[in-house]
Amino acid sequence: MTDLIQQDNRQRLKQHRRRYEVLAEQLEWQKIEIEAVTTDAEGFSVAVPSWGLGQGGTRFGRFPIAGEPRNLMEKLHDAALVQQLVGITPRVSLHIPWDRPENPRILKKVARELGLGFDAMNSNTFQDQPDQKHSYKFGSLCHTDKAVRHQAIEHNLECIEIGRAIGSKSLTIWLADGGCFPGQQHLRNALDRVIDSLKSVYAGLPRTWRLFTEHKPFEPGFYSTVVQDWGTSLMIAQALGPQASCLVDLGHHLPNCNIEMVVARLIAANRLGGFHFNDSKYGDDDLSSGSIKPYQLFLVMHELIDAVQDPNIRKRRPRFQPCYMMDQSHNLKDPIEDLVLSSIEIHRAHIKALLVDREALTYHQEGNDVTMAEQVLKRAYETDVSPILDEVRLRKGAALMPVEVYRKSRYREKVTGERGIKMDFGGGII
Ligand SMILES: [Mn+2]
C-alpha cells in the first residue's frame, strides 16, 4: 500500500503544491500563517471503533458485503489500512464483548507492529450474551435486582482489566438503561442505583484512567432513559470524582438541539471528556460525520478550539484534550471508505475552527455587532481548507487521494478470497 500511496501522491504533487500556495496567499490576506495552521492540524487524531470496520445495519436489517473482517485481527488490519491512507486515525477503540481479544498481550503486540494503539474501552450492558447469568432486559447498572447490577459492574471491571493489558486509558459506558412506559421505573431511584453502581466501577479505575458516560434522550428506552441528557451525565461525573467526565455523541440529542451549547456548558463545568462523531437528520441515525450538518460540526469544533486556546481553561486544566472517536454505522458504504472520508470531515471542521479570528470575534461580541460576529465565523467556515488537509496527509506519508488509492489497491476484493462473505443479516443499532 505504501508504494501505491507514494506513486499516486507523486502524480498529484505539482497540483497540490499550487493549491497549497494559493491558499497560503489567501490566508496571508487575513493575517493567518498557513504553516502555523498546518502544524496545529498535524496534531489532530480521531479513534476508529472496532465495530465500525464491519458493515453496520439498521433496526430493519443488515446487508453484508464480501470481504468484511471476521474477527478482531482482521479488523485491526483494516484499521491499519485506514491509518495508512489518512494518517490521522492511529488508535482503535475496542468494544467488549463484540471484540474481546483472546490474548490481550498478543493483540497489543500485533497492533504495535501495525502502527496502532488503543483508545477507550467500551463496555456493553445493553445486550444479553449467551453465557450470561442474568438478563439486562429491565436494565443493568440501574436494575432493581442487586445481582444484575453486580454482574454489570463486574463486566465493566473486566473491560478495565483488558484495557490495562492493551494500553488503553479510559472506559466509556453507554448506559441503555431506561423504560418504555410511564410507571415502569421509579425515575429518581433508577438514577440513584446507577450512580451507586458506577461508584463501584470508579473504585476499580486505575489512577491514570478516565471514565466517560454517554447520554441519550431515548432508545432503547422509548419513554425514558436513565442518563437522558448532559445534565444527568454531569451529575454522575460530579458524584463519581475527577476522573469521570461526559462524552458527547452527536447523534444522542433530540432534533434541533444546540449541541455546541452542550459542549460549551460541559467545558465550563470542566467535565467534557470527549466525542463520538457521527451525523443525523432525525434521531440517532449514525450517518457519516459532516454528511448532514457540517456547519454544526464546525461550531462544535469552534467551541473546542476556543477552549483549548483560552488561557483561563489552560490554567485550570493544562492538558485539556477531549477524546475523539467516530461512532457511525456504515450500512450502505464500504466501512473503510466511510471511515476515511469521515475522519477527513472531522479534521476539516477542526482546521476551519483554527481559522476563526477570535480577537475580532470577541471585539464584535463585546460591541454587540451581530452581523460582523457571525461573519467572522462564516469566513472561517467558508474557507476551503482541503489543501491543508492534503498537506497534513502528505507529511504523514498518507494519501493525497485516499479513496482513489484504496480502490486502486483492490484491497476489499483481495481479502474477500480468504474472508468470504459473512451471512449475518441481523438488525441492530450500534
Ligand atoms: Mn456513541
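This text goes with the structure placed above it.
What you see is a predicted model, and the numbers here were worked out from it, not measured in a lab.

A. The arrangement of the overall build of the protein in detail. For the protein, the count of helices and strands is 16 helices and 13 strands. Relative to its length of 430 residues, the protein is compact, with a C-alpha radius of gyration of 22 Å against a globular reference of 22 Å.

B. Helix α14 (residues 386-395), seen in detail. Counting buried positions along α14 gives eight out of ten residues, so the element sits mostly inside the fold. Taken together, the buried positions of α14 are P387, I388, L389, D390, E391, V392, R393 and L394. Residues of α14 that are buried in the fold lie against α1 (2-29), α2 (34-42), α3 (72-86) and α11 (335-354).

C. Quick peek at the sheet that holds strand β9 (residues 210-214). Strand order in the open sheet formed by six strands is β6-β7-β9-β11-β12-β13, with parallel pairing between adjacent strands. At either end of the open sheet lies a strand with only one pairing partner, and these are β6 (121-122) and β13 (323-326).

D. Region of the structure containing the nonpolar core. Counting residues in hydrophobic clusters, the biggest one holds 103 residues, and the most contacted among them are V82, L85, C246, V248, V263, L266 and M325. If one sorts the elements of this core by residue count, α11 sits on top with nine residues. In this structure V263 touches V248, L272, V300, E303 and L304, once residues within four positions along its chain are discounted.

E. The packing of helix α5 (residues 146-166) against helix α6 (residues 187-203), seen in detail. Here α5 crosses α6 at 40 degrees, and the two axes come no closer than 9 Å. Classified by chirality, the crossing of α6 by α5 is right-handed. Counted together, R149, A152, I153, N156 and L157 of α5 and R193, S197, S200 and V201 of α6 form the full contact between these two elements. In terms of residue class, the contact of α5 with α6 is built from four nonpolar, three polar and two charged.

F. Quick look at the sheet that holds strand β4 (residues 91-93). Across the sheet, three strands lie side by side as β1-β4-β5; this open sheet has parallel pairing. This sheet does not close on itself; its edge strands, each paired only once, are β1 (48-49) and β5 (117-118). Of the pairings in the sheet, the one linking β1 to β4 comprises two bridges and is parallel in character. Among the inter-strand pairings, V48 is bridged to a residue of β4, identified as V92.

G. Fine view of the environment of W174. With respect to the element layout, W174 can be found in strand β7 (residues 170-174). Expressed as a C-alpha distance, the spacing of W174 and R188, which sit 14 residues apart in the sequence, is 19 Å.

H. Spotlight on α1. Residue R12 marks the point of greatest curvature in α1, where the axis turns by about 50 degrees. Of all 28 residues making up α1, only two are buried, and the element is barely covered by its neighbours. Just beyond α1, the residue with positive phi is K31, at close to 65 degrees.

I. How the structure looks around the pairing of β7. Counting buried residues along β7, five of its five residues qualify, which places the element largely inside the surrounding structure. The side-chain alternation of β7 yields two buried faces, one formed by S170, T172 and W174 and the other by L171 and I173. Sheet topology places β6 next to β7; two bridges connect them, and they run parallel. Residue pairing for β7: N122 is matched across the bridge by T172.

J. Main features of the pairing of strand β11 (residues 244-249). With respect to burial, β11 is a largely interior element, six of its six residues being buried. With four bridges connecting them, β9 and β11 associate as parallel partners. Across the sheet, E214 pairs through a bridge with L247, a residue of β11. Here β11 runs beside strand β12 (residues 272-277); their pairing, made up of four bridges, is parallel. By the bridge assignment for β12, V248 is matched with F275. The β-α-β motif built from β11, the intervening helix α8 (residues 259-268) and the parallel element β12 has right-handed crossover chirality.

K. Quick peek at the packing of helix α4 (residues 104-113) against α5. The N-to-C vectors of α4 and α5 enclose an angle of 45 degrees; their axes lie 8 Å apart at closest approach. By the angle between their directions, the pair α4 and α5 is classed as oblique. Between α4 and α5 lies a crossing of right-handed hand. Contacts from P104, R105, L107 and K108 of α4 reach α5 at I162, A165 and I166. Looking at the contact of α4 with α5 residue by residue, the classes come out as five nonpolar, no polar and two charged.

Conventions and cut-offs
- Residues numbered from 1 in each chain as written.
- Predicted model: local features only at pLDDT ≥ 70, side-chain atom pairs only at ≥ 80, totals over all residues.
- Helix = DSSP H or I, 4+ residues; strand = E, 2+ residues; numbered from the N terminus.
- Rg over C-alpha atoms; globule rule 2.2 N^0.38 Å.
- Buried ≥ 20, exposed ≤ 12 C-beta atoms within 10 Å, placed from the backbone.
- Contact = placed C-beta atoms within 7 Å.
- Pairing = 2+ DSSP bridges.
- Core = buried A, V, L, I, M, F, W, Y, C linked by C-beta atoms within 7 Å.
- Axes fitted to C-alpha atoms, helices over the stretch in contact; angles between N-to-C directions.
- Left-handed = near helix turned anticlockwise from the far one by under 90°.
- Nonpolar A, V, L, I, M, F, W, Y, C, P; charged D, E, K, R; others polar.
- Bend = angle between axes of the 7 residues up to and from the residue.
- Right-handed = clockwise from strand over helix to strand, strands pointing away.
- Parallel < 35°, antiparallel > 145°, perpendicular 65-115°, else oblique.

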